[in-house]
Amino acid sequence: MNMKVKKLYADAVIPTRATGGAAGYDLSAYLKESVIIRPNAREKIPTGICCAVPEGCAGLIYSRSGLSFRHGIHLANGVGVIDSDYRGELCVTLHNCSERDFEIHHGDRIAQLVITPVLTPELVLCDNLDNTDRGINGFGSTGIQTLSEENNG
């Protein structure tokens, strides 16, 4: 499978996988001048690229774990979704949840793009759903311990 990528500017950085086993392509900032993200603030960072996500797939933009862990910089919306019919510039909204300013420079790796298949089933309106052991129990209903801890405790 191929995915077309277009540079909007000659010095934009094409997404790359850091290793052969990497699931995501690193996305880099395209900036004319550096941007400072203040504590508890967010900034929209352009990448200078567009892409054509293959039909039947979506591009999911995730935080880079090192930026999140070391600097408190993560995606403001959790996960960005790039639809297969979107052709505009990829931008990343970063949030600084630390207590320090964080500076982004041109070419800095700011996020990662993972291409994944998407299922789009036909929705069927109904009056009832089938029963399961879990039923309607939601948030926290399965606890925080592993099943082996619960059985041995």
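The following refers to the structure shown. As the structure is a prediction and not an experimental result, all values here were calculated from the model.

Of the regular secondary structure elements, the chain holds two helices and eleven strands. The N-to-C order of helical and strand elements in the chain reads β-β-β-β-β-β-α-β-β-β-β-β-α. The C-alpha atoms of the chain give a radius of gyration of 20 Å, which is well past the 15 Å a tight globule of 153 residues would have. A principal-axis box enclosing the C-alpha atoms of the chain has dimensions of 55 × 40 × 35 Å. The buried share of the chain, taken over its 153 residues, is 29%. A separation threshold of at least 6 residues defines the contact pool for the chain, and within that pool the share at least 24 residues apart is 71%.

Turning next to the packing of aromatic side chains. A complete count under the given rule lists one aromatic pair for this structure. Here the aromatic rings of Tyr-9 and Tyr-30 are separated by 4.3 Å at their centres, their planes lie at 10 degrees, and the arrangement is stacked. You can see Tyr-9 sitting in the loop between strand E1 (4-7) and strand E2 (25-28) and its partner Tyr-30 sitting in the loop between E2 and strand E3 (35-37), a full 21 residues away along the chain. You can call Tyr-9 partly exposed: its relative accessible area is 36%. The lysine or arginine in question, Lys-32, covers the ring of Tyr-9, its NZ or CZ lying 5.8 Å from the ring centre.

In the structure shown here, the tally under the stated rule is three salt bridges. The partner of Arg-109 in a salt bridge is Asp-26, and the shortest N-O contact between them spans 3.0 Å. Of this pair, Arg-109 sits in strand E11 (residues 109-117) while Asp-26 sits in strand E2; the two residues are 83 residues apart in sequence, bridging distant segments of the chain. In this structure Asp-26 comes out as buried when scored by relative accessible area, which is 7%.

The grouping of Tyr-62, Val-79 and Val-81 at the surface amounts to a nonpolar patch, some 230 Å² of accessible area in total. Looking at Val-79, the relative accessible area reads 34%, which means it is partly exposed.

This part covers the sheet that holds strand E9 (residues 91-96). Reading across from one edge, E4-E9-E7 is the order of the three strands in this open sheet, with antiparallel pairing throughout. Each having just a single partner strand, strand E4 (42-46) and strand E7 (73-75) make up the two edges of the open sheet. Looking at each pair of strands side by side, their axes are set apart by 35 degrees on average, direction ignored.

To continue, consider the pairing of E11. Bridge analysis of E2 against E11 gives four bridges, and the strand direction is antiparallel. Bridge pairing in E11 links Ser-28 to Arg-109. Pairing between strand E6 (residues 57-62) and E11: six bridges, direction antiparallel. By the bridge assignment, Ile-61 is partnered in E11 with Leu-113.

The volume enclosed by the largest pocket comes to roughly 190 Å³. If you trace the largest pocket, you find it lined by Met-1, Asn-2, Met-3, Val-5, Ile-14, Pro-15, Ala-23, Tyr-25, Pro-54, Leu-113 and Ile-115. A per-class count over the lining of the largest pocket returns ten nonpolar, one polar and no charged.

So, about the sheet that holds E6. Strand order across the open sheet formed by four strands is E2-E11-E6-E8, with antiparallel pairing between neighbours. Two strands bound the open sheet, and with one partner strand each, they are E2 and strand E8 (80-82). Each neighbouring strand pair of the sheet contributes to a mean axis angle of 30 degrees, computed without reference to strand direction.

Analysis parameters
Residues numbered from 1 in each chain as written. Predicted model: local features only at pLDDT ≥ 70, side-chain atom pairs only at ≥ 80, totals over all residues. Heavy atoms only, no water. Helix = DSSP H or I, 4+ residues; strand = E, 2+ residues; numbered from the N terminus. Rg over C-alpha atoms; globule rule 2.2 N^0.38 Å. Buried < 20%, exposed > 50% of the residue type's maximum accessible area, 1.4 Å probe, protein only. Contact = heavy atoms within 4.5 Å. Phe/Tyr/Trp six-rings, centres within 6.5 Å; stacked < 30°, edge-to-face > 60°. Lys NZ or Arg CZ within 6 Å of the ring centre and 35° of its normal. Salt bridge = Lys/Arg side-chain N within 4 Å of Asp/Glu carboxyl O. Patch = residues over 30% accessible without salt bridge, like charges linked within 9 Å, V, L, I, M, F, W, Y side chains within 5 Å. Areas by Shrake-Rupley, 256 points an atom, 1.4 Å probe, with all protein chains shown as cover. Pairing = 2+ DSSP bridges. Axes fitted to C-alpha atoms, helices over the stretch in contact; angles between N-to-C directions. 1 Å grid on protein atoms, 1.4 Å probe; cavity = no way out; pocket = protein on both sides within 12 Å on 5 of 7 lines; lining within 4 Å. Points joined across faces, edges and corners; volume = space filled by probe spheres on them. Nonpolar A, V, L, I, M, F, W, Y, C, P; charged D, E, K, R; others polar.

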